[in-house]
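# Notes for the structure review
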Amino acid sequence: MSRMPTTHIPKTATADDAPLISRTLARAFDDDPMMRRFFPDDASRVERLGRYFTTIFTRQYVRHGVCEYTEAAAAFWVPPQAQDKAVPDAEAVRQLQEVLGDRAPYFRDTIETAARHTPREPHWYLAVIGADPAAQGQGHGAALLRSGLAEADAAGLPAYLESSKPSNLPFYEHFGFTVREELWLPGDGPVLWGMWREPRGPHADA
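Below is a short write-up of the structure. Counting of residues starts from 1 at the beginning of each chain's written sequence and follows it residue by residue. In keeping with the model being predicted, local features are shown solely for residues with a pLDDT of at least 70 and side-chain atom pairs are shown and tallied solely at 80 or more, while totals for entire chains, interfaces and linings include all residues. Note: side-chain values were computed over all heavy atoms of the structure, leaving out hydrogens and water.

Secondary structure elements are defined from DSSP: runs of H or I of at least 4 residues count as helices, runs of E of at least 2 residues count as strands, and each element is numbered from the N terminus. When you go through the protein chain residue by residue, the secondary structure sums to seven helices and seven strands. The order of α-helices and β-strands along the protein chain, N terminus first, is β-α-α-α-β-β-α-α-β-α-β-α-β-β. We compute the radius of gyration over the C-alpha atoms and compare it with the globule rule, which gives 2.2 Å times the number of residues raised to the power 0.38. Relative to the globule expectation of 17 Å for 206 residues, the C-alpha radius of gyration of the protein chain, 16 Å, shows essentially globular dimensions. In terms of principal-axis extent, the alpha carbons of the protein chain reach across some 50 × 35 × 30 Å.

As structure tokens, this is what we get:
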């Protein structure tokens, strides 16, 4: 039986891991269609994405979610009992407005549009997952996805995520997600795919 490389084993993140996690996610989302709408300037995108992920990680998800990482990927999950709490506080809003600049109103409209389509049934929400492009295909993202889905399955709950990158859909489908809805975001896109996965039993293949 093959063993997962130690670099791929998910570790629980703390606020001290913010520099590594924000750098990883900034690289991972550099080509994401939605993030390119939020941060249209090529020269400053990665730096701004780093600040963006630092803010939502430290002010939001590490406090109320389940955050895990490997040396080249990170994922933020929110269980159903925490979803009312895992929202930006006043300081997070201030920091996000600063990093987004004149794109802050578009960001707000996008988040509000997506929120109106969030499933009402109790579920585990995969808020963020990304791997450094230099390590994609090496199993880091899959390890994090399996870890979170194991928690959802253990609780007998479905999982939900949103993706604005069509090339990622087959990856999620491999783990049992199906497209629940296609949503056009404000300003003529991009498209956001809402994906849903029913819970699996302990002996189901992942």
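Next up on the list: empty space enclosed by the protein. A cavity here means a set of 1 Å grid points, computed over protein atoms only, where a 1.4 Å probe fits but cannot escape. A pocket is an open set with protein on both sides within 12 Å along at least 5 of 7 lines, and lining residues have an atom within 4 Å of a point. Grid points are joined across faces, edges and corners, and a volume is the space filled by probe spheres set on the points. A complete count under the given rule lists one cavity of 30 Å³ or more for this structure. Within this model, the largest cavity holds a volume of roughly 50 Å³. Contributing to the lining of the largest cavity are A114, H117, Y160, E162, E181, L183, L192 and G194. Contributing elements (two or more residues each) for the lining of the largest cavity: strand 5 (159-163), strand 6 (178-184) and strand 7 (191-197). Gly is put with the polar residues, along with every residue not named as nonpolar or charged; the nonpolar set is Ala, Val, Leu, Ile, Met, Phe, Trp, Tyr, Cys and Pro, and the charged set is Asp, Glu, Lys and Arg. Of the residues assigned to the lining of the largest cavity, the class counts are four nonpolar, two polar and two charged.

Next up on the list: the packing of aromatic side chains. Each aromatic pair joins two rings of Phe, Tyr and Trp (for Trp, the six-membered one) with centres within 6.5 Å, and gets the label stacked for planes under 30 degrees apart, edge-to-face for over 60, and tilted for any other angle. All told, the structure shown has 14 aromatic pairs when counted by the stated rule. Geometrically, the ring pair formed by F171 and F175 is edge-to-face, given 5.3 Å between the ring centres and 65 degrees between the ring planes. Over a ring means this: the NZ of a Lys or the CZ of an Arg is within 6 Å of the ring centre and within 35 degrees of the ring normal. Lying over the aromatic face of W196, R180 brings its terminal NZ or CZ to 4.6 Å of the ring centre.

By the secondary structure assignment, S164 is in the loop between strand 5 and helix 7 (169-174). Relative accessibility thresholds used throughout: buried, under 20% of the residue-type maximum; exposed, over 50%; partly exposed, between the two (1.4 Å probe, protein chains only). On the basis of relative accessibility, which here comes to 5%, the residue S164 falls in the buried class. N or O atoms within 3.5 Å of each other form a polar contact, as long as, within protein, one can give a hydrogen and the other can take it, and as long as residues adjacent in sequence are counted only when both atoms are side-chain atoms. A distance of 3.4 Å separates the side chain of S164 from the backbone nitrogen of M34, its partner in a polar contact. Not counting chain neighbours up to four residues away, the residues in contact with S164 comprise D32, P33, M34, P190, V191, L192 and W193. In this analysis, two residues are considered to be in contact whenever any of their non-hydrogen atoms come within 4.5 Å of each other.

A separate point is the packing of helix 3 (residues 45-64) against helix 4 (residues 90-100). A fitted line through C-alpha atoms represents every axis, and for helices the fit uses only the stretch in contact; the resulting angles, taken between N-to-C directions, go from 0 to 180 degrees. Following both chains from N to C, one finds helix 3 and helix 4 inclined at 175 degrees, their axes separated by 10 Å at the closest point. Considering the angle they form, helix 3 stands roughly antiparallel to helix 4. Between helix 3, through R48, R51, Y52, T55, I56 and R59, and helix 4, the contact on the second element is made entirely by E91, A92, Q95, L96, E98, V99 and L100. When its residues are assigned to classes, the contact of helix 3 with helix 4 shows six nonpolar, two polar and five charged. Oblique is the label for every angle not falling under 35 degrees (roughly parallel), over 145 degrees (roughly antiparallel), or within 65 to 115 degrees (roughly perpendicular).

The subject of this paragraph is the nonpolar core. Definition used in this section: a nonpolar core is a set of buried Ala, Val, Leu, Ile, Met, Phe, Trp, Tyr and Cys residues joined via side-chain atoms within 4.5 Å. Counting 38 residues, the largest nonpolar core has F53 and F76 as its most contacted members. Among the elements that make up this core, the one with the highest residue count is helix 3 (six residues). Setting aside anything within four residues of it in sequence, one finds F76 in contact with I21, L25, I56, F57, Y61, V66, C67, Y125, L126, A127 and V128. Among the nonpolar cores identified, the runner-up in size contains 22 residues, and A75, L157, A159 and M195 belong to it.

Next up on the list: the pattern of salt bridges. Here a salt bridge means any side-chain nitrogen of Lys or Arg lying within 4 Å of a carboxyl oxygen belonging to Asp or Glu. Taken as a whole, this structure holds 13 salt bridges when the rule is applied. Of the charged contacts in the structure, one is a salt bridge between R59 and D89, with a shortest N-O distance of 2.7 Å. One end of the pair, R59, is in helix 3; the other, D89, is in the loop between strand 3 (73-78) and helix 4, and 30 residues separate them in sequence. Given a relative accessible area of 25%, D89 falls into the partly exposed group. Where E121 meets R180, a salt bridge forms, and the shortest distance between an N and an O atom there is 3.4 Å. Note that E121 is positioned in the loop between helix 5 (104-116) and strand 4 (124-131) and R180 in strand 6, a separation of 59 residues in sequence. The class of R180 is partly exposed, set by a relative accessible area of 40%. Three or more residues joined by partner-sharing salt bridges are found here, namely E47, R51, E91, R94 and E98.

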